[in-house]
Amino acid sequence: MNKGSQMSIQGSDYTQWLKTIKERIRSAQIKAALAASRELILFYWELGEDISRKLSENSWGAKVIDQLAADLQAEFPGIKGFSRRNLYYTKKFYNYFSSFTGSEIAPRLEAQSENLIVPRSGAQTIPPIILQLGGQIPWSHIKVILDKITDHEEAHFYINETINNGWSRDVLALQIKANLFKRQGKAVTNFKHTLPSPQSDLAQQTLKDPYSFDFLTLTQPYNERDIEEQLISHITKFLLELGKGFAFIGRQYHLEIGESDYYLDLLFYHIKLRCYVVVELKNTKFVPEYAGKLNFYLSAVDSLLKADTDSPTIGILLCRDKNTVETEFALRDMKKPMGVSEFTFTEVLPEELKGSLPTVEEIEAGLETLGTDDE
């Protein structure tokens, strides 16, 4: 006897509904063994729609999901996805995206024609975003978004970024945790005045503020060279934080100008922007003089490295802190395109300082003593 038969929800309405779902599962098995992402996403959408509608039309209560999970698992023991938890996800999926207010997502080229989903006969109108999600976003990614994002605009942002960058589930979760949505495109720049459209918009969206280098652990005292060394030793994570399209050229890149030697902290080439990118690190608050020096470096790269087919070189100045108004003034009349962002990383306390700080136990003991004195 299966678990479902021990539950109280029976009757012709539920039995007929269960039969219909089983028939659709078998149909999906024949089409793609429930393995093709586009078929799976549509099936989960329709199943979530069914569950939501049945719960509103009947007095079964939420326990019906427990029984449905048991019955489906008994009927299809070799297929994953019919756990109680996953059925709740399908309901959440339907409720969330049926009211989705974000604009349509941009499909990948390979997912435009052959991956179009055909909804089952009699199904309610499928929102365009559901048709586009199929074949582009795995179910595991959708569950991350359902768990962590409530705002539709923010969800739309992470869906597009996942498609455009090919993020894994773990990378998606990491970018959400790092609050990429609120950092992307927020750097103070002069791109609108120094770059043609649409490159200025694309360049603006390429930069973040702040940059989070939480994979770095540095103990004071440290300087820019120490930060550079750790960034390069964690180059994969560094490039991930910079974003898609950055190709690393070199650190302390040497340029000879006149009879003097100059060294760029970090030099990249951006594949999509088709330009060199100079990154200068400053372990201090931004001061206007930094913009003048970066402007000089950009002129040098444009003269010595830039090809005729390359776009103008872009500069990124990374500082520990900045005043937005002061920064905007400093960049206003600069002729070269540049942006200023803050960056953060994990600072480790020196050993000698650790020993002088109270432990948690000592703090708790002190609080208990204060409580005794008050009495």
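Cut-offs applied
- Counting starts from 1 at the beginning of each chain's written sequence and moves along it residue by residue.
- Under the rules for a predicted model, residues below a pLDDT of 70 receive no local features and side-chain atom pairs below 80 are neither given nor counted, while totals for whole chains, interfaces and linings still include all residues.
- Side-chain numbers here rest on the full set of heavy atoms in the structure, without hydrogens or water.
- Take a side-chain nitrogen of Lys or Arg and a carboxyl oxygen of Asp or Glu: if they are within 4 Å of each other, that pair is a salt bridge.
- Helix and strand assignments come from DSSP, with helices taken as H or I runs of at least 4 residues and strands as E runs of at least 2, each series counted from the N terminus.
- Buried, partly exposed and exposed residues are distinguished by accessible area as a fraction of the type maximum, computed with a 1.4 Å probe on protein chains only: under 20%, between the cut-offs, and over 50%, respectively.
- In this analysis an axis means a line fitted to C-alpha atoms, helices contributing only their contacting stretch, and an angle means the value between N-to-C directions, from 0 to 180 degrees.
- Convention used here: angles under 35 degrees read as roughly parallel, angles over 145 as roughly antiparallel, angles from 65 to 115 as roughly perpendicular, and any remaining angle as oblique.
- Here a crossing is called left-handed whenever its near helix is offset anticlockwise from the far helix by less than a right angle, and right-handed whenever the offset is clockwise.
- Note on contacts: a residue pair is in contact if any heavy atoms of the two residues lie within 4.5 Å.
- Any residue outside Ala, Val, Leu, Ile, Met, Phe, Trp, Tyr, Cys, Pro, Asp, Glu, Lys and Arg is labelled polar, Gly included; the first ten of those are nonpolar and the last four are charged.

Asks: What's the story with the pattern of salt bridges in this structure? I'm lost.
Replies: Pairing of side chains with opposite charge becomes possible as their charged atoms draw close. The full count for this structure, using the stated rule, is 17 salt bridges. With a closest N to O distance of 2.9 Å, D302 and K336 form a salt bridge. Residue D302 is located in helix α14 (residues 288–304), and its partner K336 is located in the loop between α15 (324–332) and β7 (338–348); the two are separated by 34 residues in the primary sequence. You can call D302 buried: its relative accessible area is 16%. Judged by relative accessible area, K336 falls into the partly exposed class, the value being 21%. Among the ionic pairs, E342 bridges to K322, the shortest N-O distance being 3.9 Å. Here E342 is found in strand β7, whereas its partner K322 is found in the loop between β6 (314–321) and α15, with 20 residues between them in sequence. Like K322, E342 is buried. By sharing partners, the salt bridges in this structure join R24, E49, D50, R53 and E57 into a single network.

Asks: Mind showing me how you'd approach the packing of helix α4 (residues 84–98) against helix α6 (residues 139–148) here?
Replies: The packing of two helices is summarised by the inter-axis angle and the distance between the axes. Put simply, α4 and α6 touch, their axes get as near as 10 Å, and they point 70° apart. The orientation of α4 relative to α6 falls into the category roughly perpendicular. Along this stretch, α4 crosses α6, giving a crossing that reads as left-handed. Where α4 approaches α6, its residues N86, Y89, T90, K92, F93, Y96 and F97 are matched on the opposing element by W139, I142, K143, L146 and D147. Among the residues forming the contact of α4 with α6, the class breakdown is seven nonpolar, two polar and three charged.

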